Amino acid sequence: MFHKTRLKLTALYILTTLLISVTFSIGLYSMMVREVTRFDKAQRFRIERQIVGTAPSHPLPETSELIEESKGRIVIFLIIINATVVLLAGGCGYFLAGRSLEPIEEMVREQNRFISDASHELRTPITALKSAFEVYRRSKKKTQKEASAIIDDSLLEVDALQNLTESLLELVQYNKPNKTTQMGRLDLVDIFKDALRRVKPLAQKSQIKIKTDITPVTVQGNGQALKDLVVILLDNAIKYSSQKTTITIHVKKVQNNAVMSISDRGIGMDQNDLPHIFERFYRADTARTKRNTEGYGLGLAIASEIVQTHNGTIQVSSEIKKGTTFTVTIPCIQTTMRKKSNIFS
Ligand code: ATP
Ligand code: MG
């Protein structure tokens, strides 16, 4: 598809260039012929006056053989120029068409990869649901206990489907081109308070302590998006940490930026995984994480979109079995007068 479009674009480039070049050549040709004829007339007149000593008594012939020859040469010259222009336009056009189509081609490839990964992840719980129902339908003695077990399993699969569709919708929402995100003045203390409230049950379940050192900083941002961002990072920190470990949150103002870091002492990641963890559906070391923890590899892709929306950056440093630190930097407005506080209780 892209090769055909590239050829079509090249043809369009050639046609446009040829049109300009031919129009220009016709103009040039008529101007040159006029000049040559005028020059020829003037020369002949001068020569004849020199020979006879008087003005010619009869009119000079309109054209001479020399003029015809010059016209022929001009035509050949212009044809060569036009042919060169066509060849150059063809080569450059083909190259430029390729370069202009490259990002679109990459985008389509990325979309297809996304659709295929999403379909694959959606198919897994749907297949599990279908098989459970089929097995139940085929069983001869249908007991109440069996039915309850199937409903419980099915609800788990439905939960998984719901989580996945919610993550997909969130990703699409933050990834929209020309999106107009509602921005306002926000205090990061409030954002972290709300986010910590949301992850508190998870942390308590694993007896994980969360320490905070938050300097009140005001940023221009979208409250819901920033809360989602903090929840994604804290959810990972909890999910990939062992029981009874500690997670530390630091928020400070560095020059005109708010710098937030979330550090855990969890399983860490291999250095080879780090460049890929912000890709959609990427899960580091599948054998280690997929078996033990739930997730689709969408959280950090969403986090990265949110950070981009706020003109910020997100960085990660990690060491296997030592822990991971995510650092988010976004432009801030000012430091508010509120005091530092340990907001997690
Ligand atoms: P989801 O967030 O969609 O439920 P997920 O947690 O697997 O699933 P991401 O949040 O995008 O997906 O994280 C991608 C991968 O990065 C994870 O699968 C995990 O391997 C690795 N990872 C992310 N955060 C941490 C962390 N704090 N410690 C160790 N590994 C991490
Ligand atoms: Mg996650």
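What counts and how
- Residues numbered from 1 in each chain as written.
- Chains lettered and ligands numbered in written order.
- Predicted model: local features only at pLDDT ≥ 70, side-chain atom pairs only at ≥ 80, totals over all residues.
- Heavy atoms only, no water.
- Helix = DSSP H or I, 4+ residues; strand = E, 2+ residues; numbered from the N terminus.
- Contact = heavy atoms within 4.5 Å.
- Areas by Shrake-Rupley, 256 points an atom, 1.4 Å probe, with all protein chains shown as cover.
- Patch = residues over 30% accessible without salt bridge, like charges linked within 9 Å, V, L, I, M, F, W, Y side chains within 5 Å.
- Salt bridge = Lys/Arg side-chain N within 4 Å of Asp/Glu carboxyl O.
- Near = heavy atom within 4 Å.
- Polar contact = N/O pair within 3.5 Å; in protein donor to acceptor, adjacent residues only side chain to side chain.
- Nonpolar A, V, L, I, M, F, W, Y, C, P; charged D, E, K, R; others polar.
- Buried < 20%, exposed > 50% of the residue type's maximum accessible area, 1.4 Å probe, protein only.
- Axes fitted to C-alpha atoms, helices over the stretch in contact; angles between N-to-C directions.
- Parallel < 35°, antiparallel > 145°, perpendicular 65-115°, else oblique.
- Left-handed = near helix turned anticlockwise from the far one by under 90°.
- Pairing = 2+ DSSP bridges.
- Expected span 1.5 Å × (residues − 1).

Trainee: Which parts of the structure should I look at to understand the overall build of the chain?
Mentor: Looking only at helices and strands, the chain features seven helices and seven strands. Reading the chain from its N terminus to its C terminus gives the helix and strand order α-α-α-β-α-β-β-α-β-β-α-α-β-β. Taking contacts inside the chain between residues at least 6 apart in sequence as the whole, the part at least 24 apart equals 76%. When the accessible surface of the chain is split by element, carbon and sulfur atoms take 59% of a total near 22,200 Å².

Trainee: I tried to follow a nonpolar patch on the surface on my own but got confused; where do I start?
Mentor: A cluster of nonpolar side chains, Y13, F95 and L96, forms an exposed patch at the surface whose accessible area comes to about 290 Å². The residue L96 is located in helix α2 (residues 65-138) in this model.

Trainee: Sorry if this is basic, but what is going on with the site of ligand 1 here?
Mentor: Of all residues adjacent to ligand 1, which total 20 residues, the nearest are N236, Y240, R283, L298 and L300. The separation between an oxygen atom of ligand 1 and a polar main-chain atom of A284 is 3.1 Å. Residue T324 places a side-chain N or O atom 3.3 Å away from a nitrogen atom belonging to ligand 1. Protein burial of ligand 1: of its 600 Å² of free accessible surface, 95% is covered by the chains. Among the secondary structure elements, those contributing two or more residues to the shell around ligand 1 are α5 (223-239), α7 (299-309) and β7 (323-335). A total of three residues in the shell around ligand 1 trace back to one element, the largest contributor, which is α5. Looking at the shell around ligand 1, its residues break down into ten nonpolar, seven polar and three charged.

Trainee: How do you make sense of the side chain of S25 when you look at a structure like this?
Mentor: Structurally, S25 can be placed in helix α1 (residues 2-52). With relative accessibility at 8%, the residue S25 sits in the buried group. Side-chain polar atoms of S25 contact the side chain of N82, separated by 2.8 Å.

Trainee: Help me out: how do you make sense of the packing of α2 against helix α3 (residues 144-175) in this one?
Mentor: A pair of packed helices is captured by two measures, namely the crossing angle of their axes and the spacing between those axes. Closest axis-to-axis distance for the α2/α3 pair is 10 Å, and the angle between their directions is 165°. By the angle class used here, α2 and α3 are roughly antiparallel. Along this stretch, α2 crosses α3, giving a crossing that reads as left-handed. Together, F114, A118, E121, L122, P125, I126, A128, L129, A132, F133 and Y136 of α2 and E146, A147, I150, S154, E157, V158, L161, L164, T165, L168 and L171 of α3 make up the contact between the two elements. When the residues that make up the contact of α2 with α3 are grouped by side-chain class, the tally is 17 nonpolar, two polar and three charged.

Trainee: Looking at this model, I keep getting lost on α7. Mind explaining?
Mentor: Since the α-helix turns once every 3.6 residues, residues separated by three or four places project in the same direction. Most of α7 is tucked away, with nine of its eleven residues classed as buried. The complete set of buried residues in α7 reads L300, A301, I302, A303, S304, E305, I306, V307 and T309. Looking at the residues trailing α7, positive phi occurs at N311, about 55°.

Trainee: Honestly, the pairing of strand β2 (residues 209-214) in this entry has me stumped. Any pointers?
Mentor: Remark: a regular strand shows side chains that alternate across the two faces of the sheet. Alternating residues of β2 divide into I210, T212 and I214, all buried, and K209, K211 and D213, none buried. Note that β2 and strand β4 (residues 246-254) share six bridges and pair parallel. Note that in β4 the partner of D213 across the bridge is H250.

Trainee: Explanation requested: α3 in the structure shown.
Mentor: Across its 32 residues, α3 extends 46 Å between first and last C-alpha, which sits within 8% of the 46 Å expected from 1.5 Å per residue. Buried-residue contacts for α3 involve α2, α5 and α7.

Trainee: Teacher, can you tell me more about the pattern of salt bridges here?
Mentor: Pairs may arise between side chains of opposite charge once their charged atoms sit close together. This structure, assessed with the given rule, holds 14 salt bridges. The shortest N-O distance in the salt bridge between R113 and E110 comes to 2.9 Å. Here R113 and its partner E110 are both found in helix α2, three residues apart, which amounts to about one turn of the helix. For R280, the salt bridge goes to E110, with nearest N and O atoms at 3.5 Å. With R280 in the loop between β5 (257-264) and α6 (286-292) and E110 in helix α2, this residue pair connects regions lying 170 residues apart in the sequence. When its relative accessible area of 18% is taken as the criterion, R280 is described as buried. Connected via shared salt-bridge partners are E105, E106 and R109.

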